[in-house]
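Geometric and topological summary
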Amino acid sequence: MEPKKLGFGLMRLPLTDPENTASIDHAAVCRMADRFLAEGFAYFDTAAPYHGKFNSELAFGQCVASRHPRESYRLTDKLSFFMVQQADQLEGFFAGQLERCGVDYFDCYLLHAMDADRLALAERIGAFEFVAQKKAEGKVRRVGFSFHDSPEVLEEFLTRHPEMEVVQLQLNYLDWEDPEVQARRCYEVCRRHGKPVIVMEPVKGGLLASLPPKAEALLKSAAPQASAASWAVRFAASLEGVEMVLSGMSSEEQLADNLGYMKNLVPLTAAERQLTGQAAEIIKNAASVPCTACGYCVDGCPQKIAIPEIFKLVNKVSRFGKGQLPAAKNSYAQLAQGHGRASDCIRCGQCEAACPQHLPVIRHLEDAARLLE
């Protein structure tokens, strides 16, 4: 792997229409990818469900693969069990990914968003044998999995499948000691098994880039010029055994900030790590909805509720006070013109089944309706 630890996550790309996740701004993505590569970075991460079905993969093919030599970048894609449920779907799904991305091999191929249920599904349909076959054929260089479950399930996973070469974990300073995510314990399982870690959600879907004033002031007192996001990314990148930290960059400004401090990474000191722990406590006390805005809950919602956007408004009020409520209600009214309202939820549960954070989405929507309606 290249020494620079910043990876370009193609999950939150710039849009031409903020309300349409499929409206990727390809011109902006081309400029961002060009600068990313020009400054010595090389790692890109995509998946078939990102930005709506296949759009992220197609954007990579158009903006990177068709414009840069294959040896200049590294590409990770994923076997998404949201979309593949049967053994006879594996070959066609994989071939389509190669075609959409414009490549003839993946540097890394991950079983996507694994938990106990998807581990059983992957074993039942022969997914482990399939990815091993693709590696033998030279169409995959490394195999691994991204993971959203308990340390106990991760221990079982790696014990049963030691052939997995890398693990992609949700890891950030807010989740480090969180009793639901248990990021530290999952990281320690990977270390015991000798598996390198790729970090996803280091900024927790942007939550750690926009902090409550008290937390922001705490970090600014130690490093006045550093962005809030830089603390989160450096926290993850400083950990031993972490070989790559993904950032889903939505603008050229975010890219520039990330490149500035990751070109020559300075690991967090012990004192700085202690500050991130204090910031985490402040954020938790603000009672935010720990949504990462991945959007997995949205595609199957029969009421077309813009769940992550609603939670973002709720978090703005909870973190910055009731003074934000009038603006949040106005934004919510505009959002509801093209989407379902929080109170339109019919409690079908598809959102909770899809949520990798295992959030009680229905309850949070009920709270949002009381706050914003």
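This text gives an overview of the structure that appears in the document. Bear in mind that the values here come from a model prediction, so they are computed numbers and not experimental data.

Counting 95 residues, the largest nonpolar core has Phe44, Phe60, Leu79, Leu111, Phe145, Leu154 and Tyr173 as its most contacted members. The element best represented in this core is helix 9 (residues 228-237), accounting for eight residues. Not counting the four nearest positions on each side in its chain, Phe44 is found in contact with Phe8, Leu10, Ala33, Phe36, Leu37, Phe60, Val64, Tyr73, Arg74, Leu75 and Thr76.

Overall, the coordinates contain 28 salt bridges when judged by the stated rule. For Arg31, the salt bridge goes to Glu252, with nearest N and O atoms at 2.9 Å. One end of the pair, Arg31, is in helix 1 (residues 26-38); the other, Glu252, is in helix 10 (residues 252-262), with 221 residues separating them in the sequence. Connected through shared salt-bridge partners, Glu91, Lys134, Glu137 and Lys139 make up one network.

Moving on, we come to the sheet that holds strand 8 (residues 242-247). Within a sheet, adjacent strands bond to each other through the backbone by hydrogen bonds, running parallel or antiparallel. Spatially, 1-2-3-4-5-6-7-8 is the arrangement adopted by the eight strands of the closed barrel, whose pairing is parallel. For this sheet, the mean angle separating the axes of adjacent strands, direction not counted, is 30°. Lying over the sheet, helix 6 (residues 151-160) contacts strand 4 (106-114), strand 5 (140-147) and strand 6 (166-170), oriented at roughly 155° with respect to strand 5. Across the sheet, helix 9 is in contact with strand 7 (197-200) and strand 8; its angle to strand 8 comes to roughly 155°.

So, on to the environment of Glu39. Here Glu39 is to be found in the loop between helix 1 and strand 2 (43-45). For the pair Glu39 and Leu259, spaced 220 residues apart in the sequence, the C-alpha separation amounts to 7.8 Å. Contact partners of Glu39, with chain neighbours within four places excluded, come to Lys4, Leu259 and Lys263.

What counts and how
Residues numbered from 1 in each chain as written. Predicted model: local features only at pLDDT ≥ 70, side-chain atom pairs only at ≥ 80, totals over all residues. Heavy atoms only, no water. Core = buried A, V, L, I, M, F, W, Y, C linked by side-chain atoms within 4.5 Å. Buried < 20%, exposed > 50% of the residue type's maximum accessible area, 1.4 Å probe, protein only. Helix = DSSP H or I, 4+ residues; strand = E, 2+ residues; numbered from the N terminus. Contact = heavy atoms within 4.5 Å. Salt bridge = Lys/Arg side-chain N within 4 Å of Asp/Glu carboxyl O. Pairing = 2+ DSSP bridges. Axes fitted to C-alpha atoms, helices over the stretch in contact; angles between N-to-C directions.

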